[in-house]
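So you can see what is in the structure, the chains are spelled out below.
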Amino acid sequence: MRVIPHLSYGVMAVLVAGVSVQSWRLAQVGAPDMEAARYRGQAGASAGAAATAQLKVVFDDRASAGAIRLALHRLGLNIVHGPDAQGAYLLSAGQGDAVQAAQQLQATGLVLDALPLPASQAQSPQ
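Residues numbered from 1 in each chain as written. Predicted model: local features only at pLDDT ≥ 70, side-chain atom pairs only at ≥ 80, totals over all residues. Heavy atoms only, no water.

Asks: So what exactly am I meant to see when it comes to the sheet that holds strand 4 (residues 111-117) here?
Replies: Adjacent strands of a sheet pair through backbone hydrogen bonds, lying either parallel or antiparallel. Strand order across the open sheet formed by four strands is 2-3-1-4, with antiparallel pairing between neighbours. Of all strands in the sheet, those bounded by a partner on one side alone are strand 2 (78-81) and strand 4. On average, each strand axis in the sheet is tilted by 35 degrees relative to the strand beside it, whichever way the strands run. Across three bridges, strand 2 lies against strand 3 (residues 88-92) in antiparallel orientation. Each bridged residue has a counterpart across the sheet, and for Asn78 the counterpart in strand 3 is Ser92. Against the sheet, helix 4 (residues 98-107) touches strand 1 (54-59), strand 3 and strand 4, its axis set at about 175 degrees to strand 4. (Pairing = 2+ DSSP bridges. Helix = DSSP H or I, 4+ residues; strand = E, 2+ residues; numbered from the N terminus. Axes fitted to C-alpha atoms, helices over the stretch in contact; angles between N-to-C directions. Contact = heavy atoms within 4.5 Å.)

Asks: Help me understand the pattern of salt bridges, please; the structure alone is not making it clear to me.
Replies: Side chains carrying opposite charge are able to pair once their charged atoms draw close together. Taken as a whole and judged by the stated rule, the model has two salt bridges. With a shortest N-O distance of 3.9 Å, Lys56 and Asp84 are connected by a salt bridge. Of this pair, Lys56 sits in strand 1 while Asp84 sits in the loop between strand 2 and strand 3, placing them 28 residues apart in sequence. The partly exposed category is assigned to Lys56, whose relative accessible area is 35%. Asp84 gets classed as partly exposed once you look at its relative accessible area, which sits at 26%. Where Arg62 meets Asp60, a salt bridge forms, and the shortest distance between an N and an O atom there is 2.8 Å. (Salt bridge = Lys/Arg side-chain N within 4 Å of Asp/Glu carboxyl O. Buried < 20%, exposed > 50% of the residue type's maximum accessible area, 1.4 Å probe, protein only.)

Worth remembering: the numbers are spatial, not functional.
Have a look at this one:
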């Protein structure tokens, strides 16, 4: 009967070592680049973003994430980058009009500022 407790400790040690090695390998091999993936809009929104109408937006701190998400969806806008150090987001209006999108977004009351960017100032996500 005394052999069974010693055997169970050995089995547990092997299992713990196996889990530790597997976790370490997964962290080394499959770890995404967290800095690069930190701010990313919808899939496909970053591809060719400089060719689309863009606007720079500062949301009101009192606006809920849900209200912002709903407004962006209704207006067909996508977050391309942000927030930056000043709290501004770069939004893509797709092939739409950035001036009209900025006006519609300001009408929601969710933003403090919405500035349409001319094509010469349009940026790719960083």
